[in-house]
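Residue-level structure breakdown
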Amino acid sequence: MKVLKGEVRPYAWGSRTAIAEFQGRPSPSPHPEAELWFGAHPASPARLDGDSSDLLAMIDADPVAALGEPTAQSYERRLPFLVKILAAEEPLSLQAHPSAEQARIGFAAENRAGLAADDPRRNYRDSWHKPEIVVALGEDFEALAGFRDPAETVDLLRTLQVPGLDSALGMLAGSPDADGLRAVFTTWLTLPDRVIAELIPQVLSGAVEVLGRGESRFAGQLRAVLGLGEAYPNDPGVLAALLLNYLVLQPGEAIYLPAGNLHAYLHGTAVEAMANSDNVLRGGLTPKHIDVPELLRVLDFQPVSRDKLMPTVEALGAERIYRTPAPEFQLSRVELDGTGLRNPGSISFDMPGPQILTVTTGRIEAVIPDGERCVVECGEALWLSDDDPDVIVHAASSHAVFFRSRVPLSMEQVTAN
Ligand SMILES: [Zn+2]
């Protein structure tokens, strides 16, 4: 049992207030703070409180004690998941993540090509896939995720009345499926700069006109497109945003992003859990490395619904689990009452495998009966090794919320337990 201090990633799209306030530091911070990582990824392993070491070094020193035999064996002695707090002031890049097979092949190919591990032109920084789940922390977390039903997109393009979009409209109306989406997206992302520079202002004026007419079911999406167009006036990602589902998540609501799902987070704070990888294929809306051909290779053009992922209630109502097909992680949200007036005020965990509890509201105290105690503040996390004894977690403030990340149990482990 160890308190973890997260590592701040200072990407330019980050907020100067959200993570600083969350951790009780002076706000605004001198630089944008985009992400706070709690995990053992070599790029930014979490520090151990009161120790000069970090989580990666601790796991490497005894992977079986930290992870348990099954997880150590299945994941090459690495922690299989990574947890992040995300604070987006500006939109993140338009991106997708590779499947396990694409990541293995891509990483090997870039190694053969002689790209250094930290070369900014790299798409593949490791050989792992990166399914991810994002759960809103604050209100109105905005995201674009997955290709929308093309029939809806046809309606949106008709509403915009931009002649430069007519051929795309024709393609989608004639082939309202994955093939039509592939054709339109590929066309847009490979348009000559000169054409893009003429087309985007037309799309933005179309959006302004629609918004000026009042009520439109596309209003949220069009405002997002306007924001992207202002930030990236010559970027085909602005056009791609017309093809995607626009979602606004409220606290506790989630989306799951499997391999090949095209997405861009626009604004807000969230908790993210993902497979422990840094593999991103970017198509635009970023000053970072873009690789359109590779993105086109990994994208899944099958339209997806706009449904949010809601958690299921477990363990006397304190824990709500977000069920996903990802084998590397299972994220749940635990809410505890510290006033003694309402239940539950505590929860006990007796599951095998590594766990990270990330506190997002208030303060918790973890107790090993007849043993250690640890207080974990908002903006910190608690690491539990496989070989730690069972712990009881109490609210140490009137209201405490934490997110629990762990490896989902396989059927054999459930039976053995
Ligand atoms: Zn992503």
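Values in this document were obtained by computation on a predicted structure and should not be read as measured data.

Moving on, we get to the pairing of strand β5 (residues 81-88). Put simply, side chains in a regular strand alternate between the two faces of the sheet. Summarising burial for β5: eight of the eight residues are buried, a large majority. Residue alternation in β5 divides its side chains into two sets, Phe81, Val83, Ile85 and Ala87 and Leu82, Lys84, Leu86 and Ala88, and both sets are buried. Here strand β3 (residues 35-38) runs beside β5; their pairing, made up of four bridges, is antiparallel. When the bridges of β5 are listed, glutamate 35 appears paired with leucine 86.

Moving on, we get to the pairing of strand β11 (residues 263-275). Of all 13 residues in β11, eleven are buried; the element is thus mostly enclosed. Strand direction decides the pairing type here: β5 and β11, joined by eight bridges, are antiparallel. Counterpart to isoleucine 85 in the pairing with β11 is valine 271. Bridge analysis of strand β7 (residues 132-136) against β11 gives five bridges, and the strand direction is antiparallel. The residue bridging valine 135 from the neighbouring strand is valine 271, located in β11. Summarising the sheet, strand β8 (residues 141-147) and β11 pair through four bridges and their orientation is antiparallel.

Strands sit in the order β16-β21-β18-β19 across an open sheet of four strands; the sheet is antiparallel. Either end of the sheet is taken by a strand with one partner, and the two such strands are β16 (346-349) and β19 (373-377). The average undirected angle you get between the axes of adjacent strands in this sheet is 20°.

Okay, the sheet that holds strand β15 (residues 330-337) next. Taken together, the eight strands give an open sheet; going across it, the order is β4-β1-β20-β17-β22-β15-β14-β13, and neighbouring strands pair in antiparallel fashion. The open sheet terminates on both sides in strands that have one partner only, identified here as β4 (47-48) and β13 (312-314). Where strand β17 (residues 355-361) and strand β20 (residues 380-384) come together, four bridges link them in antiparallel fashion. Looking across to β20, one finds that isoleucine 356 is bridged to tryptophan 383.

It is worth spelling out the packing of aromatic side chains at this point. Per the stated rule, a full pass over the model turns up six aromatic pairs. Judged by centre distance (5.8 Å) and plane angle (85°), the rings of phenylalanine 147 and phenylalanine 185 are edge-to-face. Here phenylalanine 147, found in strand β8, pairs with phenylalanine 185, found in helix α8 (residues 178-189); they are 38 residues apart in sequence, far enough to count as distant. Geometry around phenylalanine 349 places arginine 404 over its ring, the cationic atom sitting 3.8 Å from the centre.

A few words now on the coordination of the zinc ion. Listed as protein donors to the zinc ion are Gln95 (OE1), His97 (NE2), Glu132 (OE) and His263 (NE2); their distances from the metal cover 2.1 to 2.3 Å. Considering all four donor atoms around the zinc ion, the spread of angles at the metal, 89 to 163°, places the coordination shape in the irregular class.

The next subject is the packing of helix α7 (residues 166-174) against α8. One way to put it is that α7 packs onto α8 with a least axis distance of 8 Å and a crossing angle of 160°. Judged by the inter-axis angle, α7 sits roughly antiparallel to α8. Pair α7 / α8 crosses with right-handed handedness. Counting all contacts with α7, which are made through Ala168, Met171 and Leu172, the residues of α8 involved are Gly180, Leu181, Ala183, Val184, Thr187 and Trp188. Of the residues contributing to the contact of α7 with α8, the split by class is seven nonpolar, two polar and no charged.

What follows deals with the nonpolar core. Counting residues in each nonpolar core, the largest one holds 52 residues, and the members touching the most others are Phe147, Leu165, Phe185, Trp188 and Leu242. It is helix α9 (residues 193-212) that provides the largest number of residues to this core, a total of seven residues.

A few words now on the side chain of arginine 333. Looking at the element boundaries, arginine 333 is found in strand β15. There is a polar contact of 2.9 Å between the side chain of arginine 333 and the side chain of glutamate 335. Setting aside residues up to four positions removed in sequence, arginine 333 forms contacts with Gly252, Ala318, Glu319, Arg320, Tyr322, Val401, Phe402 and Phe403.

With that settled, the discussion passes to the domain arrangement of the chain. Taken domain by domain, the chain comprises domain 1 (2-144 + 249-287), domain 2 (151-240) and domain 3 (312-416). Using only C-alpha atoms to locate each centre, domain 1 and domain 3 end up separated by 21 Å. Taken together, the contact between domain 1 and domain 3 spans 38 residues of the former and 33 residues of the latter. Both sides of the domain 1 and domain 3 interface together cover about 2,800 Å² of buried area, and 72% of this is carbon and sulfur. Along the contact surface separating domain 1 from domain 3 lie one salt bridge.

Definitions and limits used
Along each chain, the written sequence defines residue order, and numbers are assigned to residues from 1. The predicted nature of this model means local features are confined to residues of pLDDT at least 70 and side-chain atom pairs, given and counted, to a pLDDT of 80 or more, with totals for whole chains, interfaces and linings taken over all residues. Water and hydrogen atoms play no part in the side-chain values, which are based on all heavy atoms of the structure. Each residue is placed in one exposure class: buried if its accessible area under a 1.4 Å probe, protein chains only, is under 20% of its type's maximum, exposed if it is over 50%, and partly exposed if it falls in between. Runs of H or I in DSSP of at least four residues are treated as helices and runs of E of at least two as strands, each being numbered from the N terminus. A pair of strands counts as paired when DSSP detects no fewer than two bridges linking them. Lines are fitted to the C-alpha atoms to define the axes, a helix being fitted only along its stretch in contact, and any angle between axes, read from their N-to-C directions, falls within 0 to 180 degrees. Note on aromatic contacts: the rings of Phe and Tyr and the six-membered ring of Trp form a pair at centre separations within 6.5 Å, being stacked when their planes are under 30 degrees apart, edge-to-face when over 60 apart, and tilted otherwise. Here, a charge over a ring is recorded when the distance from Lys NZ or Arg CZ to the ring centre is within 6 Å and its angle to the ring normal is within 35 degrees. Shown as donors are all N, O and S atoms within 2.8 Å of a metal ion, widened to 3.2 Å for Na, K and Ca; because water is not in the atom set, sites may appear incomplete. Under the classification used here, a metal with four donors is tetrahedral if each angle lies between 85 and 135 degrees, square planar if opposite donors are over 155 degrees apart and the others between 65 and 115, a six-donor metal meeting that same test is octahedral, and anything else is irregular. Oblique is the label for any angle not covered by the other classes, which are roughly parallel (under 35 degrees), roughly antiparallel (over 145) and roughly perpendicular (65 to 115). Definitions for this section: a left-handed crossing has its near helix turned counterclockwise from the far helix by less than a right angle. A right-handed crossing has that turn clockwise. Contacts are residue-level and defined by heavy atoms, with any inter-residue pair within 4.5 Å sufficient. Basically, the charged four are Asp, Glu, Lys and Arg, the nonpolar ten are Ala, Val, Leu, Ile, Met, Phe, Trp, Tyr, Cys and Pro, and anything else, Gly included, counts as polar. Take the buried Ala, Val, Leu, Ile, Met, Phe, Trp, Tyr and Cys residues and link them wherever side-chain atoms come within 4.5 Å; each set so joined is a nonpolar core. Here a polar contact is recorded for every N or O atom pair within 3.5 Å, except that within protein the pair must consist of a potential hydrogen donor and a potential acceptor, and residues adjacent in sequence are included only if both atoms are side-chain atoms. For the domain bounds, the source is a domain assignment made automatically or taken from a database. The term buried area denotes the loss of accessible surface (1.4 Å probe radius) that occurs when two parts are joined, taken as the sum for both partners. We define a salt bridge as a contact between a side-chain nitrogen of Lys or Arg and a carboxyl oxygen of Asp or Glu at a distance within 4 Å.

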